[in-house]
Amino acid sequence: MSTSRSASTFKVNIPAGPLWSNAEAQKNAPFIAAAHLGKFTGQWKTVVENEMSVIEIELPTEPTGTSEYTMDVLAGPLWNNDDAKEKCPAICASYGGTWNGHWRTVVEGKMSVCGCTFKF
């Protein structure tokens, strides 16, 4: 009998806006988790009364799947190519993706974006 190693996962809390009840959290959190390529664990909590809740999601340590989608994600100010090469890989990883080598400034001196590729 052969055994296969399952993919490693980890859990993080992500913002979900205000959640007013457990019923609302259980209804909406799976969709929020899926948007981050994760699964809702069923756990959530309010972190700022009447303003912000977080949900716990489980994510794979390695991007998986055969489908790919590329999009720009907010990165704060990036000053040049060298700055982007240093920061974008970690920024894309924080969203669960990989940097595709592209970046651009969207608001001069204030905000840039990194091009990230996601597998699912």
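Up top is the structure.
Quick caveat, the model's predicted, so the values are computed rather than measured.

Cut-offs used in this document
Residues numbered from 1 in each chain as written. Predicted model: local features only at pLDDT ≥ 70, side-chain atom pairs only at ≥ 80, totals over all residues. Heavy atoms only, no water. 1 Å grid on protein atoms, 1.4 Å probe; cavity = no way out; pocket = protein on both sides within 12 Å on 5 of 7 lines; lining within 4 Å. Points joined across faces, edges and corners; volume = space filled by probe spheres on them. Helix = DSSP H or I, 4+ residues; strand = E, 2+ residues; numbered from the N terminus. Nonpolar A, V, L, I, M, F, W, Y, C, P; charged D, E, K, R; others polar.

**Remarks on the layout of surface pockets**
Empty space within the largest pocket amounts to approximately 410 Å³. Along its surface, the largest pocket is lined by 20 residues, and His 36, Leu 59, Ala 93, Tyr 95 and Gly 96 are the ones closest to its centre. Elements with a contribution of two residues or more to the lining of the largest pocket: β1 (9-17), β3 (52-60) and α2 (81-94). For the lining of the largest pocket, the leading source of residues is β1, giving four residues. Tallied by class, the residues present in the lining of the largest pocket amount to 12 nonpolar, six polar and two charged. One number sums up the size of the second largest pocket: a volume of about 160 Å³. Along its surface, the second largest pocket is lined by Ala 35, His 36, Leu 37, Tyr 69, Met 71, Tyr 95, Phe 118 and Phe 120. Broken down by class, the residue content of the lining of the second largest pocket amounts to seven nonpolar, one polar and no charged.

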